[in-house]
Amino acid sequence: MVNSFTISDTINTLEAIFEKHKNERVCVLATTCTGKTTIIKQIPYCVDVDVLLGECMTAEEITFCGQVPWTEEIGTIYDKIMFERIKIQQGQPLFCSVILECEAVVFLDIPNRILTEHCKKRNVDFDYALQLKSELEKDWNNHKERGGKQFYYVVMCE
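Here's what I pulled together on the structure shown here. (Residues numbered from 1 in each chain as written. Predicted model: local features only at pLDDT ≥ 70, side-chain atom pairs only at ≥ 80, totals over all residues. Heavy atoms only, no water.)

### Some points on the nonpolar core
Then, in step 1: With 27 residues, the main nonpolar core has Leu29, Val49, Leu53, Tyr78, Met82 and Leu94 as its most contacted residues.
Then, in step 2: Of all the elements in the fold, those that place two or more residues in this core are β2 (26–29), α3 (49–56), α5 (72–85), β4 (94–96), β5 (104–109) and α7 (126–146).
Then, in step 3: Residue contacts for leucine 94: discarding those within four places in its chain leaves Val26, Cys27, Val28, Val47, Asp48, Val49, Leu52, Ile86, Ile88 and Leu100.
Then, in step 4: Ranked by size, the runner-up nonpolar core spans 18 residues in total, among them Leu14, Val26, Ala30 and Val154. (Core = buried A, V, L, I, M, F, W, Y, C linked by side-chain atoms within 4.5 Å. Buried < 20%, exposed > 50% of the residue type's maximum accessible area, 1.4 Å probe, protein only. Helix = DSSP H or I, 4+ residues; strand = E, 2+ residues; numbered from the N terminus. Contact = heavy atoms within 4.5 Å.)

### With respect to α7
Then, in step 1: With 21 residues, α7 extends 30 Å between its outermost C-alpha atoms, agreeing within 8% with the 30 Å of an ideal straight helix rising 1.5 Å per residue.
Then, in step 2: Of the residues making up α7, those classed as buried are Tyr128, Ala129, Leu132, Lys133, Leu136, Asp139, Trp140 and His143. Looking straight down α7, one finds its buried side chains confined to an arc of 130°; they lie on one side. What points out from α7, more than 90 degrees from its buried face, is the exposed set Asp127 and Glu145. (Expected span 1.5 Å × (residues − 1). Arc of directions from axis to C-beta.)

### Observations concerning the packing of helix α6 (residues 112–122) against α7
Then, in step 1: Relative orientation of the contacting elements α6 and α7 amounts to 135°, with a least axis distance of 9 Å. Classed by the angle they form, the pair α6 and α7 counts as oblique. With respect to the hand of their crossing, α6 and α7 are arranged in right-handed fashion. Contacts from Asn112, Leu115, Thr116 and Cys119 in α6 reach Phe126, Ala129, Leu130 and Lys133 in α7.
Then, in step 2: Here the contact of α6 with α7 is built from residues that sort into five nonpolar, two polar and one charged. (Axes fitted to C-alpha atoms, helices over the stretch in contact; angles between N-to-C directions. Parallel < 35°, antiparallel > 145°, perpendicular 65-115°, else oblique. Left-handed = near helix turned anticlockwise from the far one by under 90°. Nonpolar A, V, L, I, M, F, W, Y, C, P; charged D, E, K, R; others polar.)

### Quick notes on the packing of aromatic side chains
Then, in step 1: Applying the stated criterion to the full structure yields five aromatic pairs.
Then, in step 2: Between phenylalanine 18 and tyrosine 45, the ring centres sit 6.3 Å apart and the planes meet at 80°, which makes this aromatic pair edge-to-face. Remark: tyrosine 45 occurs in the loop between α2 (36–42) and β3 (47–48) and phenylalanine 18 occurs in helix α1 (residues 7–20); sequence separation between them is 27 residues.
Then, in step 3: On the basis of relative accessibility, which here comes to 3%, the residue phenylalanine 18 falls in the buried class.
Then, in step 4: Between tryptophan 140 and tyrosine 153, the ring centres sit 6.2 Å apart and the planes meet at 50°, which makes this aromatic pair tilted. Highlighted residues: tryptophan 140 in helix α7 and tyrosine 153 in strand β6 (residues 150–156), separated in sequence by 13 residues.
Then, in step 5: The class of tryptophan 140 is buried, set by a relative accessible area of 7%. (Phe/Tyr/Trp six-rings, centres within 6.5 Å; stacked < 30°, edge-to-face > 60°.)

### Re the pattern of salt bridges
Two side chains of opposite charge can pair, provided their charged atoms sit close to one another.
Then, in step 1: Under the definition given, this model contains eight salt bridges.
Then, in step 2: Residue arginine 25 is joined to glutamate 101 by a salt bridge in which the shortest nitrogen-to-oxygen separation is 4.0 Å. Of this pair, arginine 25 sits in the loop between α1 and β2 while glutamate 101 sits in the loop between β4 and β5, and the two are 76 residues apart along the sequence.
Then, in step 3: In this structure arginine 25 comes out as partly exposed when scored by relative accessible area, which is 22%.
Then, in step 4: Among the salt bridges present, the one from glutamate 84 reaches lysine 80, with a minimum N-O distance of 2.8 Å. Taken together, the residues glutamate 84 and lysine 80, both in helix α5 and four residues apart, mark about one turn of the helix.
Then, in step 5: The structure contains a network of salt bridges with shared partners spanning Arg25, Glu101 and Glu103. (Salt bridge = Lys/Arg side-chain N within 4 Å of Asp/Glu carboxyl O.)

In structure tokens:
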């Protein structure tokens, strides 16, 4: 099911999904500049993976994984750190860029036209955001093919 929502609609939809899975682990996938921080401020029990990574990565790892453009080598190291050090807790949906061990996954998408605007406002390279979005879609599709999780696809339109 594909739905397109304003930020207010998106927050309400996410809250409904989170309520349905309140006793499970929920992973929310979204590329950079999608609006994760805005949503997390509105749903305070959600967790931003960047906060967790800041607590468990060395300065060298942060510098290495923060390089642009993203490369396969960076992705491999980043994924290793994520899978070894980050765990999703029940009732605390995690906004991140890798599907970790969970029961439900939400893909929070944004049209490229709006992503372009958000990237300009935040001085983020659009190609980088688009590349990350493409990687997230691949991960999403791989997990969907394997099954075993509940999947939700939400597109924000603002």
